[in-house]
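Chains, contacts and geometry: an overview
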Amino acid sequence: MIISKKDIPGFLDKLISEYQVFAPVQEGSYTLFKSITSGTDAVLTADNTKLPAKEIFFPQSEKLFNYNVTETGAKLETDIDDRKKVIFGVRPCDARSLVLLDNVFNNDKFQDPYYLTRRANTIMVGIGCNTPASTCFCTSVKGGPFDTTGLDLLLIDTGDAFVVEVVSDKGKALAKQAGFAAASDNDKSAAAKAKEAAKVTCQVNIDGLKDKLDINFYAPIWDKIHEKCLGCGACTYLCPTCHCFDIVDDAVDCNGCRVRNWDSCAFPIFTLHGSGHNPRTSNKERYRNRIMHKFKYFVDNFGEIACVGCGRCIKNCPVNMDIRVVLDDVRGSEARLDS
Amino acid sequence: MPKLAEQIKDAAKKLLAEQKVDLVVGFAEGSLPLRGTPLFARTPEEADKLTWNLGCENNLANYLRKKPGKVAVVAKGCDVRAIIALVKENQINRDDLYIIGVPCSGMIDRKKTAALLDDEDILAIEESGDTVVIKSNNSSATAKVADLLHNSCRDCSYGNPVIYDELVGELLPEKEAADFTEINDFEAKSVAERRAFMNSEFSKCIRCYACRNACPLCYCEECFVDCNQPEWIGKSAYNTEDNILFQVVRVFHCAGRCVDCGACERACPMGINLRLLTRKLVKDVKELYNAEAGVNMEDKPALATFTVDDPEAFLLKE
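All values derive from a computational prediction rather than experimental measurement. (Residues numbered from 1 in each chain as written. Chains lettered and ligands numbered in written order. Predicted model: local features only at pLDDT ≥ 70, side-chain atom pairs only at ≥ 80, totals over all residues. Heavy atoms only, no water.)

**Some remarks on the interface of chain A and chain B**
If you look at the interface, chain A gives 39 residues, while chain B gives 38 residues. Summing both sides of the interface, chain A and chain B together bury roughly 2,900 Å²; the carbon and sulfur share of this comes to 52%. Among the residues of chain A in contact with chain B, E227, L230 and N320 of chain A are the three that bury the most area, contributing 20% of the side total. At the junction of chain A with chain B, the criterion picks out two salt bridges. When the shortest N-O distance is used, the salt bridge between E46 of chain B and K224 of chain A registers 2.6 Å. Where chain A touches chain B, the interface holds 18 residue pairs in polar contact (both at pLDDT 80 or more). For the side of chain A that touches chain B, the secondary-structure elements that each account for two or more residues are strand 3 (30–35), strand 4 (61–70), helix 9 (234–237), strand 10 (245–252), strand 11 (255–262), helix 11 (312–316) and helix 12 (323–331) of chain A. Residues belonging to the side of chain A that touches chain B are distributed by class as follows: 19 nonpolar, 10 polar and 10 charged. (Contact = heavy atoms within 4.5 Å. Buried area = accessible area lost by both parts, 1.4 Å probe. Salt bridge = Lys/Arg side-chain N within 4 Å of Asp/Glu carboxyl O. Polar contact = N/O pair within 3.5 Å; in protein donor to acceptor, adjacent residues only side chain to side chain. Helix = DSSP H or I, 4+ residues; strand = E, 2+ residues; numbered from the N terminus. Nonpolar A, V, L, I, M, F, W, Y, C, P; charged D, E, K, R; others polar.)

**Topic: the pattern of salt bridges**
Residue and element names in this part refer to chain A. According to the stated counting rule, one finds 50 salt bridges over all chains in the structure shown. A salt bridge links E27 to K34; the nearest nitrogen and oxygen atoms lie 3.1 Å apart. By relative accessible area, which is 32% here, K34 ends up partly exposed. Here D81 ties to R83 by a salt bridge, and the two come within 3.2 Å at their closest N and O atoms. Among the charged side chains, a salt-bridge network with shared partners connects E62, D81, R83, K85, D112, R118 and R260. (Buried < 20%, exposed > 50% of the residue type's maximum accessible area, 1.4 Å probe, protein only.)

**Some points on a nonpolar patch on the surface**
The grouping of F314, L315 and L316 of chain B at the surface amounts to a nonpolar patch, some 370 Å² of accessible area in total. Its location among the elements puts L316 of chain B in the segment after helix 12 (275–289). (Patch = residues over 30% accessible without salt bridge, like charges linked within 9 Å, V, L, I, M, F, W, Y side chains within 5 Å. Areas by Shrake-Rupley, 256 points an atom, 1.4 Å probe, with all protein chains shown as cover.)

**Looking at empty space enclosed by the protein**
Residue and element names in this part refer to chain A. Scanning all chains against the criterion turns up 11 cavities of 30 Å³ or more. Size it by volume and the largest cavity reaches roughly 140 Å³. Lining the largest cavity are 14 residues, with C229, C235, Y287, C317 and M321 positioned closest to its centre. Breaking the lining of the largest cavity down by element, the ones donating at least two residues are helix 9 and helix 10 (283–302). When grouped by side-chain class, the residues that make up the lining of the largest cavity number 12 nonpolar, one polar and one charged. (1 Å grid on protein atoms, 1.4 Å probe; cavity = no way out; pocket = protein on both sides within 12 Å on 5 of 7 lines; lining within 4 Å. Points joined across faces, edges and corners; volume = space filled by probe spheres on them.)

**Some points on the state of the cysteines**
Structurally, a disulfide amounts to a covalent bond that connects the sulfur atoms of two cysteines. According to the stated counting rule, one finds zero disulfides over all chains in the structure shown. Of all cysteine sulfurs, the one in C254 of chain B lies closest to C258 of chain B, which takes part in no disulfide; the gap is 6.3 Å. (Disulfide = S-S within 2.5 Å.)

**Topic: the packing of helix 7 (residues 181–188) of chain B against helix 12 of chain B**
Residues and elements named next belong to chain B. Where helix 7 contacts helix 12, the two axes come as close as 10 Å, and the packing angle between them is 95°. Taken together, the axes of helix 7 and helix 12 lie roughly perpendicular to each other. Judged by residue contacts, E182, I183, N184, F186 and E187 of helix 7 engage L276, R279, K280, K283 and D284 from helix 12. Among the residues forming the contact of helix 7 with helix 12, the class breakdown is three nonpolar, one polar and six charged. (Axes fitted to C-alpha atoms, helices over the stretch in contact; angles between N-to-C directions. Parallel < 35°, antiparallel > 145°, perpendicular 65-115°, else oblique.)

**Concerning the packing of aromatic side chains**
Ring pairs (aromatic) are described by centroid distance and by the angle formed between their planes. Scanning all chains against the criterion turns up 17 aromatic pairs over all chains. Taking the centre distance of 4.4 Å and the plane angle of 20° together, the rings of F105 of chain A and Y115 of chain A count as stacked. Taken together, the positions of F105 of chain A in helix 3 (residues 92–105) and Y115 of chain A in helix 4 (residues 113–120) put the pair 10 residues apart, joining distant regions of the chain. Joined through ring pairs, the aromatic side chains of F57, F58, F105, Y115, Y237, F245, W262 and F267 of chain A together with Y209 and F246 of chain B make up one cluster. Above the ring of F162 of chain A, the side-chain terminus of K5 of chain A is found at 5.2 Å from the ring centroid. A cation over an aromatic ring shows up here: K54 of chain A above the ring of W262 of chain A, its NZ or CZ 4.7 Å from the ring centre. (Phe/Tyr/Trp six-rings, centres within 6.5 Å; stacked < 30°, edge-to-face > 60°. Lys NZ or Arg CZ within 6 Å of the ring centre and 35° of its normal.)

**Examining helix 5 (residues 169–178) of chain A**
At 3.6 residues per turn, the α-helix brings residues three or four places apart onto the same side. All names here are of chain A. Along helix 5, the positions that sit buried rather than exposed are G171, L174 and A175. Buried residues in helix 5, looked at end-on, bunch into an arc of 100°, giving them a common side. Exposed residues lying more than 90 degrees from the buried face of helix 5 are D169, K172 and K176. Along its buried surface, helix 5 packs onto helix 1 (8–18), strand 7 (122–127), strand 8 (153–157) and strand 9 (161–166). Sitting at the amino-terminal end of helix 5 is S168, which places a side-chain oxygen 3.3 Å from the backbone nitrogen of K170. One or two positions beyond helix 5, positive phi appears at G179, with a value near 65°. (Arc of directions from axis to C-beta.)

**Some details on the domain arrangement of chain B**
Assigned domains within chain B: domain 1 (2–106 + 158–167), domain 2 (110–147) and domain 3 (181–304). The C-alpha centroid of domain 3 of chain B is placed 30 Å from the C-alpha centroid of domain 2 of chain B. (Domains from an automatic or database assignment.)

**Observations regarding the pairing of strand 10 of chain A**
It is a general feature of regular strands that their side chains alternate between the two faces of the sheet. Residue and element names in this part refer to chain A. The sheet contact formed by strand 10 and strand 11 spans eight bridges and is antiparallel. Across the sheet, V252 pairs through a bridge with N255, a residue of strand 11. Remark: two residues form the turn of the hairpin made by strand 10 and strand 11, two consecutive strands paired antiparallel; D253 in that turn has positive phi of roughly 50°. (Pairing = 2+ DSSP bridges.)

**Observations regarding the packing of helix 3 of chain A against helix 4 of chain A**
Residue and element names in this part refer to chain A. Packing of helix 3 against helix 4 brings their axes to within 10 Å, and their N-to-C directions diverge by 140°. The crossing of helix 3 and helix 4 is left-handed. Between helix 3 and helix 4, the residues in contact are L98, V99, L101, D102 and F105 and Y115, L116 and R119, respectively. Taken together, the residues of the contact of helix 3 with helix 4 sort by class into six nonpolar, no polar and two charged. (Left-handed = near helix turned anticlockwise from the far one by under 90°.)

Now the structure itself:
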């Protein structure tokens, strides 16, 4: 199937009448996923959005419930967002990140209704990456510029049109409803060419990384790696797979709401105990946790690396702390696998 | 620049080899085009990685507080101003710090370079005298360095380090202090317009605190935003009012201490115009007390001193 680029705004307008549609929207020098009211608002030419698509499913601050306590008792009100949504123009790395996050929000112990309701009611329409950025390393972490993991439809840019690849039943239904034209053999071969031409030039070698992390918790490498890290939350907040959160009450007396906020392992209060003790006393322990969580603990827990290679942390770190360099340093460090 | 880099390397290696210092804080080549990244060298071999380019934008004074032993720092004008401010606040012992001063005519703003190529992925930036050539996959552009500087660098008149133990390179010609046009324009707006601007800027804030952590003068053991008993400020990011409160308190806390290095604005991943606020305070302190932070070792910080002819317009009709 195929849709001409000039038909995209009209297609989105039709979707908007039925769904809450999120698409990349220009905000100054970058794009962000926003709920759009007109198909012409969508910017499909830019590379990744500044903030990942995770914020649609797991917002930075989410009201879990409102409460008020009166003489007659306590009253709780929960408002779970079950609007039907389409995420349009998501990149394969971000789509894959949600499949990783599903492990956290839906497992044997916990099922998070806020996240899962949104996931169940959302159709993911991705756009493949014809020109991956120099900071992209998706192919090193099981992804790829045209990876369909987590997508319902994948669009492949062939110049004046997008060739539409159906990935799931949800996607099939949407494509049928949209009435996309059939792609000609020429279109199909143009899509195949685009896929072939897309090169992820940056590779990060993660062979043996997990083995190393299994044994190097106390290795001297951690004394050096963190040294330039400022301890801000830019990398974690811009990361599509970071998912740590804190729960606070936003209330006056007994009336208010309970809110779930993104948290960051880089912050000194992240593991600060009520007693005043902090098991992660310095940046060293905090930065180590970020690497361990992504490349060891998440693998231990769910069998996957919690990094999709989107490059946001690389591009946005105020001091050019580059996760590719860090992983290289860890792999090449002195901690011996046979010790 | 390559010559400066060699001189910095030589100076650092000598200091380490002669064991005059235990550590040299400087810049190494970063992983992105024309990006310097902080380097901590403890041996002459490690010091071999030191460099100097138009992307050495971080304020290294940030790394000097409470470092044990003797430390040398590769410091441009704004780093030195921050060092002076920190020495005055008892955060750095001047006797334990060796300053390798580097005259600086400004660092380039990668957002401005990217804009030249329609925000394409920049693959290389090559320095050649007072111009740079910026290359992406499909195109390239040549631009004057002066047109690509960070706004803080454009406005800076302290590119020459005001104190140092050793100077690398040649002192630059004195530059006149920039005026406060942007601040004057902002002040001329109505209250409602200013409020609208603040709301629009701070609705972008994600409370990652990169601004605070990049600021060499923001060093409170416990920042008021991290305190929850009492909870001075809401912890959630959906409230723009709280985002504004955070930044306004931060900026006021830096009044008379801020050296206008622009580190906060450069660190912000969301591109918030933070310097409008910090520079407003720089202007107020200059106008009220004829003071600038960190420009010499003698002056007391503006808000740590008092003279009988200090203006008191906030209190008395003058």
